[in-house]
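Residue strings, one per chain:
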Amino acid sequence: MPSLYIHIPFCLSKCPYCSFVSYPGLDGLHQRYAAALLREAGELRKNSSIPPLTTLFLGGGTPTLLSGQDLATIVTGCTGLFGRSDQTEISIETNPKTVDQEKLILLRESGINRLSIGVQSFNDRELQSLGRPHSAADAAETVRLGRAAGFDNISLDLMYGLPGQDHHSWQQSLERALSLSPDHLSLYELTVEQGTPFHPRLEQGQLELPDEEEIAAMDQITATLCRQAGLARYEISNYARPGHECRHNINYWQNGPYLALGAGAVGCTDGRRQQKTTDPLRYCEQIESGQSTVQEEECLEPAASFRETVIMGLRMLRGVSRARLQRRYGMDLDGCYGDTLTRLIDQGLLEMTASHLRLTARGRIFANQVMADLV
Ligand code: SF4
(Lines give C-alpha, C1' and ligand atoms only; values in the text may rest on other atoms or scores of the structure.)
Protein backbone atom coordinates (compact mmCIF):
# COMPACT_ATOMS: atom_id res chain seq x y z
CA MET A 1 0.00 0.00 0.00
CA PRO A 2 1.94 2.98 -1.17
CA SER A 3 -0.06 6.09 -0.21
CA LEU A 4 -1.39 7.57 3.01
CA TYR A 5 -3.66 10.61 3.28
CA ILE A 6 -4.13 12.45 6.57
CA HIS A 7 -6.96 14.95 6.89
CA ILE A 8 -6.64 17.95 9.20
CA PRO A 9 -10.12 19.54 9.22
CA PHE A 10 -9.34 22.91 10.80
CA CYS A 11 -9.35 26.35 9.18
CA LEU A 12 -8.93 29.97 10.29
CA SER A 13 -12.37 30.78 8.82
CA LYS A 14 -14.77 29.10 6.40
CA CYS A 15 -14.45 30.32 2.82
CA PRO A 16 -17.93 30.88 1.31
CA TYR A 17 -17.28 28.55 -1.65
CA CYS A 18 -15.79 25.68 0.37
CA SER A 19 -17.41 22.26 0.46
CA PHE A 20 -14.48 20.44 2.11
CA VAL A 21 -14.65 18.91 5.57
CA SER A 22 -13.20 21.89 7.46
CA TYR A 23 -14.19 23.80 10.57
CA PRO A 24 -13.06 27.14 11.99
CA GLY A 25 -12.80 27.86 15.69
CA LEU A 26 -11.80 24.44 17.04
CA ASP A 27 -8.35 25.48 18.29
CA GLY A 28 -8.94 23.78 21.64
CA LEU A 29 -9.20 20.41 19.88
CA HIS A 30 -5.93 20.52 17.92
CA GLN A 31 -3.65 18.64 20.31
CA ARG A 32 -6.29 16.04 21.11
CA TYR A 33 -6.88 15.53 17.40
CA ALA A 34 -3.15 15.05 16.73
CA ALA A 35 -3.02 12.40 19.46
CA ALA A 36 -6.11 10.66 18.01
CA LEU A 37 -4.51 10.59 14.55
CA LEU A 38 -1.43 8.85 15.90
CA ARG A 39 -3.56 6.34 17.73
CA GLU A 40 -5.55 5.61 14.58
CA ALA A 41 -2.28 5.26 12.63
CA GLY A 42 -1.12 2.61 15.11
CA GLU A 43 -4.38 0.65 14.67
CA LEU A 44 -4.25 0.95 10.89
CA ARG A 45 -0.66 -0.27 10.81
CA LYS A 46 -1.55 -3.33 12.89
CA ASN A 47 -4.08 -4.35 10.25
CA SER A 48 -2.01 -3.73 7.15
CA SER A 49 1.18 -5.24 5.92
CA ILE A 50 2.66 -2.79 3.51
CA PRO A 51 5.97 -1.79 1.99
CA PRO A 52 7.33 1.70 2.84
CA LEU A 53 5.06 4.57 1.90
CA THR A 54 5.68 6.07 -1.50
CA THR A 55 3.60 9.12 -0.64
CA LEU A 56 2.18 10.78 2.43
CA PHE A 57 -0.12 13.78 2.11
CA LEU A 58 -1.38 16.05 4.89
CA GLY A 59 -4.39 17.88 3.50
CA GLY A 60 -7.29 19.83 4.82
CA GLY A 61 -8.63 22.11 5.94
CA THR A 62 -5.44 23.87 6.80
CA PRO A 63 -2.97 21.35 8.27
CA THR A 64 -0.56 24.09 9.31
CA LEU A 65 -3.03 25.40 11.87
CA LEU A 66 -1.67 22.60 14.06
CA SER A 67 1.52 23.48 15.89
CA GLY A 68 4.82 22.65 14.18
CA GLN A 69 5.58 20.22 16.98
CA ASP A 70 2.24 18.36 16.59
CA LEU A 71 2.72 18.13 12.83
CA ALA A 72 6.30 16.88 13.19
CA THR A 73 5.12 14.26 15.68
CA ILE A 74 2.38 13.09 13.28
CA VAL A 75 4.78 12.86 10.33
CA THR A 76 7.61 11.12 12.17
CA GLY A 77 5.09 8.87 13.95
CA CYS A 78 3.51 7.77 10.67
CA THR A 79 6.74 7.33 8.76
CA GLY A 80 8.11 5.38 11.74
CA LEU A 81 5.07 3.10 11.71
CA PHE A 82 4.61 2.64 7.97
CA GLY A 83 8.20 3.13 6.82
CA ARG A 84 9.54 5.53 4.24
CA SER A 85 12.38 5.68 1.75
CA ASP A 86 14.53 8.52 0.41
CA GLN A 87 12.06 8.78 -2.48
CA THR A 88 8.92 9.09 -0.37
CA GLU A 89 7.01 12.23 -1.33
CA ILE A 90 5.66 13.91 1.80
CA SER A 91 3.37 16.86 1.09
CA ILE A 92 1.61 19.32 3.33
CA GLU A 93 -1.03 21.87 2.38
CA THR A 94 -0.72 25.27 3.93
CA ASN A 95 -2.39 28.65 3.72
CA PRO A 96 -0.64 32.01 3.99
CA LYS A 97 -0.60 33.47 7.50
CA THR A 98 -0.54 30.04 9.17
CA VAL A 99 3.22 29.44 9.04
CA ASP A 100 6.32 31.30 10.10
CA GLN A 101 9.97 30.53 9.47
CA GLU A 102 10.38 28.46 12.62
CA LYS A 103 7.38 26.24 11.86
CA LEU A 104 8.45 25.68 8.26
CA ILE A 105 11.95 24.67 9.34
CA LEU A 106 10.47 22.19 11.81
CA LEU A 107 8.23 20.75 9.09
CA ARG A 108 11.13 20.40 6.67
CA GLU A 109 13.24 18.72 9.35
CA SER A 110 10.43 16.24 10.11
CA GLY A 111 10.80 14.92 6.54
CA ILE A 112 8.10 16.91 4.71
CA ASN A 113 9.57 17.65 1.28
CA ARG A 114 6.69 19.25 -0.65
CA LEU A 115 4.78 22.39 0.27
CA SER A 116 1.43 23.11 -1.36
CA ILE A 117 0.28 26.68 -0.73
CA GLY A 118 -3.38 27.69 -1.13
CA VAL A 119 -3.01 31.11 -2.73
CA GLN A 120 -6.15 31.16 -4.95
CA SER A 121 -5.44 34.65 -6.35
CA PHE A 122 -2.76 37.32 -6.35
CA ASN A 123 -5.43 40.02 -6.58
CA ASP A 124 -6.45 41.39 -3.18
CA ARG A 125 -9.95 42.35 -4.33
CA GLU A 126 -10.55 38.79 -5.56
CA LEU A 127 -9.15 37.35 -2.34
CA GLN A 128 -11.62 39.48 -0.42
CA SER A 129 -14.53 38.32 -2.54
CA LEU A 130 -13.46 34.71 -1.82
CA GLY A 131 -13.42 35.45 1.91
CA ARG A 132 -9.75 34.53 2.14
CA PRO A 133 -8.10 35.83 5.32
CA HIS A 134 -4.78 36.68 3.61
CA SER A 135 -3.40 39.08 1.01
CA ALA A 136 -1.38 38.50 -2.15
CA ALA A 137 1.69 39.81 -0.32
CA ASP A 138 1.13 37.22 2.47
CA ALA A 139 1.12 34.47 -0.17
CA ALA A 140 4.37 35.69 -1.75
CA GLU A 141 5.94 35.87 1.70
CA THR A 142 4.92 32.25 2.41
CA VAL A 143 6.70 31.13 -0.76
CA ARG A 144 9.80 33.05 0.31
CA LEU A 145 9.70 31.51 3.78
CA GLY A 146 9.22 28.05 2.29
CA ARG A 147 12.29 28.40 0.08
CA ALA A 148 14.32 29.76 2.99
CA ALA A 149 13.29 26.72 5.08
CA GLY A 150 14.70 24.41 2.40
CA PHE A 151 11.60 23.40 0.41
CA ASP A 152 12.70 22.77 -3.17
CA ASN A 153 9.30 21.47 -4.23
CA ILE A 154 6.63 24.15 -3.88
CA SER A 155 3.19 24.05 -5.43
CA LEU A 156 0.73 26.95 -5.63
CA ASP A 157 -3.06 26.57 -5.86
CA LEU A 158 -4.88 29.25 -7.83
CA MET A 159 -8.51 29.51 -8.89
CA TYR A 160 -9.98 31.13 -11.97
CA GLY A 161 -13.54 31.92 -13.00
CA LEU A 162 -13.89 34.03 -9.86
CA PRO A 163 -16.60 36.65 -9.16
CA GLY A 164 -15.66 39.87 -10.93
CA GLN A 165 -12.58 38.33 -12.56
CA ASP A 166 -11.70 38.85 -16.20
CA HIS A 167 -8.89 37.42 -18.31
CA HIS A 168 -6.69 40.46 -17.65
CA SER A 169 -6.77 39.99 -13.89
CA TRP A 170 -6.25 36.23 -14.32
CA GLN A 171 -3.19 36.95 -16.44
CA GLN A 172 -1.80 39.29 -13.77
CA SER A 173 -2.42 36.71 -11.04
CA LEU A 174 -0.80 33.91 -12.98
CA GLU A 175 2.18 36.09 -13.94
CA ARG A 176 2.70 36.97 -10.30
CA ALA A 177 2.54 33.29 -9.37
CA LEU A 178 5.04 32.34 -12.07
CA SER A 179 7.39 35.13 -11.00
CA LEU A 180 7.81 33.16 -7.75
CA SER A 181 9.17 30.15 -9.72
CA PRO A 182 6.81 27.47 -8.37
CA ASP A 183 7.68 23.87 -9.17
CA HIS A 184 4.02 22.94 -9.56
CA LEU A 185 0.72 24.73 -10.12
CA SER A 186 -2.84 23.52 -9.47
CA LEU A 187 -5.28 25.73 -11.37
CA TYR A 188 -8.95 25.00 -10.72
CA GLU A 189 -12.01 26.77 -12.06
CA LEU A 190 -14.31 27.87 -9.25
CA THR A 191 -17.32 25.58 -8.97
CA VAL A 192 -20.18 26.71 -6.79
CA GLU A 193 -21.45 23.71 -4.88
CA GLN A 194 -24.87 23.38 -3.30
CA GLY A 195 -24.78 23.91 0.45
CA THR A 196 -22.10 26.62 0.31
CA PRO A 197 -22.93 30.30 1.00
CA PHE A 198 -21.99 31.16 -2.60
CA HIS A 199 -24.77 28.93 -3.96
CA PRO A 200 -27.84 31.02 -2.96
CA ARG A 201 -25.97 34.17 -3.94
CA LEU A 202 -25.38 32.73 -7.40
CA GLU A 203 -29.02 31.62 -7.68
CA GLN A 204 -30.22 35.09 -6.69
CA GLY A 205 -27.97 36.77 -9.26
CA GLN A 206 -25.76 38.39 -6.60
CA LEU A 207 -22.63 36.62 -7.79
CA GLU A 208 -21.41 37.44 -11.24
CA LEU A 209 -19.06 34.85 -12.69
CA PRO A 210 -17.09 35.22 -15.95
CA ASP A 211 -18.85 33.90 -19.05
CA GLU A 212 -17.65 31.04 -21.29
CA GLU A 213 -15.74 33.36 -23.60
CA GLU A 214 -13.77 34.82 -20.70
CA ILE A 215 -13.05 31.33 -19.34
CA ALA A 216 -11.79 30.23 -22.76
CA ALA A 217 -9.50 33.30 -22.85
CA MET A 218 -8.21 32.41 -19.36
CA ASP A 219 -7.49 28.83 -20.52
CA GLN A 220 -5.55 30.19 -23.47
CA ILE A 221 -3.50 32.50 -21.22
CA THR A 222 -2.81 29.61 -18.86
CA ALA A 223 -1.55 27.37 -21.66
CA THR A 224 0.75 30.07 -23.05
CA LEU A 225 2.19 31.34 -19.76
CA CYS A 226 2.77 27.89 -18.26
CA ARG A 227 4.47 26.67 -21.41
CA GLN A 228 6.73 29.73 -21.47
CA ALA A 229 7.61 29.13 -17.81
CA GLY A 230 8.57 25.49 -18.41
CA LEU A 231 5.60 24.04 -16.53
CA ALA A 232 4.06 21.17 -18.49
CA ARG A 233 0.40 20.31 -18.14
CA TYR A 234 0.15 16.71 -16.97
CA GLU A 235 -3.43 16.67 -15.74
CA ILE A 236 -6.49 18.75 -16.65
CA SER A 237 -5.81 21.22 -13.82
CA ASN A 238 -2.17 20.56 -12.91
CA TYR A 239 1.17 21.76 -14.28
CA ALA A 240 4.69 20.88 -13.20
CA ARG A 241 8.35 21.26 -13.93
CA PRO A 242 9.71 17.92 -15.14
CA GLY A 243 10.00 15.54 -12.20
CA HIS A 244 7.74 17.62 -9.93
CA GLU A 245 4.39 16.03 -10.81
CA CYS A 246 2.48 15.20 -7.61
CA ARG A 247 2.89 11.45 -7.17
CA HIS A 248 0.25 11.29 -4.45
CA ASN A 249 -2.40 12.72 -6.76
CA ILE A 250 -1.24 10.61 -9.71
CA ASN A 251 -2.08 7.57 -7.58
CA TYR A 252 -5.63 8.97 -7.15
CA TRP A 253 -5.98 9.57 -10.87
CA GLN A 254 -4.84 6.02 -11.51
CA ASN A 255 -7.53 4.96 -9.04
CA GLY A 256 -4.83 3.30 -6.97
CA PRO A 257 -5.32 2.19 -3.37
CA TYR A 258 -4.65 4.58 -0.50
CA LEU A 259 -4.97 4.56 3.25
CA ALA A 260 -6.54 7.46 5.08
CA LEU A 261 -6.55 8.87 8.58
CA GLY A 262 -8.57 11.63 10.20
CA ALA A 263 -12.06 13.13 10.38
CA GLY A 264 -13.75 13.15 6.99
CA ALA A 265 -10.83 11.35 5.33
CA VAL A 266 -11.65 8.92 2.53
CA GLY A 267 -9.52 5.82 2.00
CA CYS A 268 -9.79 3.13 -0.65
CA THR A 269 -8.28 -0.34 -0.28
CA ASP A 270 -9.22 -3.83 -1.45
CA GLY A 271 -12.16 -2.55 -3.51
CA ARG A 272 -13.73 -0.81 -0.50
CA ARG A 273 -14.03 2.95 -0.10
CA GLN A 274 -14.54 4.22 3.41
CA GLN A 275 -15.22 7.68 4.74
CA LYS A 276 -14.39 8.44 8.35
CA THR A 277 -16.61 10.36 10.76
CA THR A 278 -16.64 13.98 9.61
CA ASP A 279 -17.13 15.65 13.01
CA PRO A 280 -13.65 16.13 14.57
CA LEU A 281 -14.84 15.92 18.19
CA ARG A 282 -16.85 12.76 17.50
CA TYR A 283 -13.81 11.36 15.66
CA CYS A 284 -11.60 11.94 18.72
CA GLU A 285 -14.19 10.37 21.02
CA GLN A 286 -14.49 7.30 18.81
CA ILE A 287 -10.73 6.82 18.64
CA GLU A 288 -10.33 7.32 22.40
CA SER A 289 -13.04 4.77 23.19
CA GLY A 290 -11.82 2.24 20.65
CA GLN A 291 -14.89 2.54 18.37
CA SER A 292 -14.79 2.39 14.59
CA THR A 293 -14.54 5.75 12.84
CA VAL A 294 -16.01 4.46 9.58
CA GLN A 295 -19.07 6.56 8.72
CA GLU A 296 -19.77 5.25 5.21
CA GLU A 297 -18.52 2.28 3.26
CA GLU A 298 -18.95 1.45 -0.39
CA CYS A 299 -17.91 -1.80 -2.06
CA LEU A 300 -16.86 -1.25 -5.62
CA GLU A 301 -17.95 -3.83 -8.18
CA PRO A 302 -15.24 -4.53 -10.76
CA ALA A 303 -17.28 -3.03 -13.63
CA ALA A 304 -17.91 0.20 -11.68
CA SER A 305 -14.28 0.35 -10.61
CA PHE A 306 -13.17 -0.13 -14.24
CA ARG A 307 -15.26 2.85 -15.33
CA GLU A 308 -13.97 4.96 -12.47
CA THR A 309 -10.40 4.10 -13.41
CA VAL A 310 -11.06 5.17 -17.00
CA ILE A 311 -12.70 8.44 -16.05
CA MET A 312 -10.06 9.40 -13.52
CA GLY A 313 -7.21 8.30 -15.79
CA LEU A 314 -8.52 10.50 -18.59
CA ARG A 315 -7.83 13.52 -16.40
CA MET A 316 -4.14 12.92 -17.06
CA LEU A 317 -2.77 14.08 -20.38
CA ARG A 318 -1.14 10.74 -21.06
CA GLY A 319 -4.54 9.10 -20.47
CA VAL A 320 -5.32 5.67 -19.14
CA SER A 321 -3.07 2.70 -19.83
CA ARG A 322 -4.82 -0.04 -21.81
CA ALA A 323 -2.42 -2.74 -20.63
CA ARG A 324 -2.88 -1.70 -17.01
CA LEU A 325 -6.67 -1.89 -17.36
CA GLN A 326 -6.42 -5.33 -18.90
CA ARG A 327 -4.08 -6.55 -16.16
CA ARG A 328 -6.15 -5.12 -13.34
CA TYR A 329 -9.66 -6.02 -14.53
CA GLY A 330 -9.25 -8.61 -17.27
CA MET A 331 -11.49 -6.37 -19.41
CA ASP A 332 -10.77 -4.06 -22.31
CA LEU A 333 -12.22 -0.70 -23.30
CA ASP A 334 -14.17 -1.97 -26.32
CA GLY A 335 -15.78 -4.67 -24.23
CA CYS A 336 -16.93 -2.11 -21.67
CA TYR A 337 -17.96 0.83 -23.84
CA GLY A 338 -18.50 -0.52 -27.39
CA ASP A 339 -20.26 2.05 -29.60
CA THR A 340 -19.93 4.90 -27.09
CA LEU A 341 -16.17 4.71 -27.41
CA THR A 342 -16.29 4.63 -31.21
CA ARG A 343 -18.59 7.65 -31.26
CA LEU A 344 -16.38 9.72 -28.93
CA ILE A 345 -13.33 8.85 -31.04
CA ASP A 346 -15.19 9.73 -34.27
CA GLN A 347 -16.21 13.06 -32.72
CA GLY A 348 -12.55 13.83 -32.12
CA LEU A 349 -12.96 13.93 -28.35
CA LEU A 350 -10.93 10.81 -27.52
CA GLU A 351 -7.98 9.14 -29.18
CA MET A 352 -6.57 5.67 -28.82
CA THR A 353 -2.78 5.36 -29.00
CA ALA A 354 -0.93 2.04 -29.04
CA SER A 355 -0.75 2.09 -25.25
CA HIS A 356 -3.31 4.58 -23.92
CA LEU A 357 -6.80 6.05 -24.29
CA ARG A 358 -6.68 9.81 -23.85
CA LEU A 359 -8.64 13.01 -24.35
CA THR A 360 -7.78 15.07 -27.42
CA ALA A 361 -7.24 18.83 -27.06
CA ARG A 362 -10.90 19.28 -28.09
CA GLY A 363 -11.91 16.53 -25.66
CA ARG A 364 -10.27 18.44 -22.81
CA ILE A 365 -12.53 21.42 -23.52
CA PHE A 366 -15.59 19.15 -23.33
CA ALA A 367 -14.12 16.87 -20.65
CA ASN A 368 -17.20 16.92 -18.41
CA GLN A 369 -19.42 15.82 -21.27
CA VAL A 370 -17.02 13.02 -22.28
CA MET A 371 -16.75 11.79 -18.70
CA ALA A 372 -20.54 11.81 -18.35
CA ASP A 373 -20.77 9.51 -21.39
CA LEU A 374 -18.25 7.11 -19.84
CA VAL A 375 -19.66 6.89 -16.29
S1 SF4 B 1 -8.97 27.43 3.50
FE2 SF4 B 1 -9.51 25.76 2.07
S3 SF4 B 1 -10.36 24.12 3.32
FE4 SF4 B 1 -10.32 26.00 4.58
S5 SF4 B 1 -12.37 26.88 4.36
FE6 SF4 B 1 -11.06 27.85 2.82
S7 SF4 B 1 -11.27 26.56 0.96
FE8 SF4 B 1 -12.07 25.39 2.70
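Above this text sits the structure in question.
Residues numbered from 1 in each chain as written. Predicted model: local features only at pLDDT ≥ 70, side-chain atom pairs only at ≥ 80, totals over all residues. Heavy atoms only, no water.

Colleague: Go over the state of the cysteines with me, naming the residues and quoting the values.
Modeller: In a disulfide, the sulfur atoms of two cysteines are held together by a covalent bond. With the rule as written, the count across this model stands at zero disulfides. Here Cys246 is not disulfide-linked; the sulfur of Cys226 is the nearest cysteine sulfur, at 16 Å. Cys284 takes part in no disulfide bond, and the closest cysteine sulfur to it belongs to Cys78, at a distance of 15 Å. (Disulfide = S-S within 2.5 Å.)

Colleague: Account for the site of the ligand, with residues named and values stated.
Modeller: The ligand sits among Cys11, Ser13, Lys14, Cys15, Tyr17, Cys18, Phe20, Ser22, Gly61, Asn95 and Arg132. Classifying every residue of the shell around the ligand gives five nonpolar, four polar and two charged. (Near = heavy atom within 4 Å. Nonpolar A, V, L, I, M, F, W, Y, C, P; charged D, E, K, R; others polar.)

Colleague: So what's going on with the sheet that holds strand E13 (residues 272–276)? Which residues, and what values?
Modeller: Taken in spatial order, the three strands make up an open sheet running E12-E13-E14, and their pairing is antiparallel. Bordering the open sheet on either side are strand E12 (266–269) and strand E14 (294–299), each of which pairs with just one other strand. Across the sheet, the mean angle separating the axes of adjacent strands is 20° when strand polarity is ignored. Sheet topology places E13 next to E14; five bridges connect them, and they run antiparallel. The residue of E14 that forms the bridge with Arg272 is Cys299. (Pairing = 2+ DSSP bridges. Helix = DSSP H or I, 4+ residues; strand = E, 2+ residues; numbered from the N terminus. Axes fitted to C-alpha atoms, helices over the stretch in contact; angles between N-to-C directions.)

Colleague: Lay out the sheet that holds strand E6 (residues 114–120) with the relevant residues and their values.
Modeller: Taking strand neighbours across the sheet as the criterion, the nine strands line up as E9-E10-E8-E7-E6-E5-E4-E1-E11 in an open arrangement whose pairing is mixed. Edge positions in the sheet fall to strand E9 (232–235) and strand E11 (259–261), since each has one partner strand and no second. Strand-to-strand, the axes of this sheet are offset by a mean angle of 20°, without reference to chain direction. In this structure, E9 lies alongside strand E10 (residues 238–240), joined through three bridges in antiparallel fashion. Bridged to Ala232 within E10 is Ala240. Contacting strand E7 (154–160) and strand E8 (184–189), helix H6 (residues 167–179) crosses the sheet at an angle of about 175° to E7. (Contact = heavy atoms within 4.5 Å.)

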